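A structural walkthrough
Listed below, chain by chain, are the residues.
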Amino acid sequence: MKRKNVSFQAEELKVQLARALADYDNLKKRAEKEKEEVVRYANQQLIEEILPSIELLERVYVHSGDPGVAGVLTSLKEVLRENRVLVIKPAVGEKFDEQRHEAVETVSSSSTGREGMIAEVVNTGYVWADGKLILPAKVRVYGENTEKKEELKKETMRGDYV
């Protein structure tokens, strides 16, 4: 009887040990993942603070063509790449995406079907390589065609449109 009891206790201890080892392994994995997160986003505040300066340098380069400014921009963009920061550069005519774009202005469209499309890119945006947004791209978006809307309203009031 004692052997069965000892055998049962030994088996129970094995199960408890296996659970403890699994818990320890999960704890190690979770700690490693949290450490990676801290390292990955440790520089986020610094990056967010220098992004407006990078945008400003890009404007300076566009207007001046100065190769020195181009060199500085290249170095800064390499630092961004090394820190897993990607550029959001939407195209004119692309559909507005509220998850990645910020509309700074709505502009009237002279043609229909362009509502909700990007009319102009004001500033590029930035995301981490895993898709987490750092800074949305600032864009001007086509709104409703107000001329057509007014014309339709007048026709409706006159009874020309059914």
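Preceding block: the structure.
Below you will find a few notes about this structure. Because the structure is predicted, anything quoted here is derived from the model rather than measured.

Okay, the packing of helix H2 (residues 44-64) against helix H3 (residues 67-82) next. Between H2 and H3, whose axes approach to 10 Å, the crossing angle comes to 150°. When the interaxial angle is binned, H2 and H3 end up roughly antiparallel. In terms of crossing hand, the pair formed by H2 and H3 is left-handed. The residues of H3 that touch H2, namely those facing Ile47, Leu51, Ile54, Leu57, Glu58, Val60 and Tyr61, are Val69, Ala70, Val72, Leu73, Leu76, Lys77 and Leu80.

The next point concerns the sheet that holds strand S3 (residues 118-123). The strand order S2-S6-S3 describes an open sheet built from 3 strands, whose pairing is mixed. Since the sheet does not close on itself, it has two edges, and those belong to strand S2 (101-107) and S3, each with one partner. If you compare each strand with its neighbour and ignore which way they point, the axes differ by 30° on average. In terms of strand pairing, S2 meets strand S6 (residues 137-142) through 6 bridges, oriented parallel. Bridge assignment links threonine 106 to a residue of S6, and that residue is valine 141.

Conventions we followed
Along each chain, the written sequence defines residue order, and numbers are assigned to residues from 1. Residue-level local features of this predicted model are given only where pLDDT is at least 70; pairs of side-chain atoms are given and counted only at 80 or more, and the full residue set underlies all totals for whole chains, interfaces and linings. The basis for every side-chain value is the complete set of heavy atoms in the structure, and neither hydrogens nor water enter the calculation. For helices, the axis comes from a line fit to the C-alpha atoms of the stretch in contact; other axes are also lines fit to C-alpha atoms, and the angle between any two N-to-C directions lies between 0 and 180 degrees. Comment: elements are numbered from the N terminus, with helices defined as DSSP H or I runs of at least four residues and strands as E runs of at least two. The scheme is simple: roughly parallel for angles under 35 degrees, roughly antiparallel for over 145, roughly perpendicular for 65 to 115, oblique for anything else. Each crossing is labelled by how the near helix is turned from the far one, with a counterclockwise turn of less than a right angle marking it left-handed and a clockwise turn marking it right-handed. The contact rule is simple, with two residues in contact once any of their heavy atoms fall within 4.5 Å. Being paired, for any two strands, means DSSP has found at least two bridges between them.

The quantities given are spatial measurements derived from coordinates; they are silent on function.
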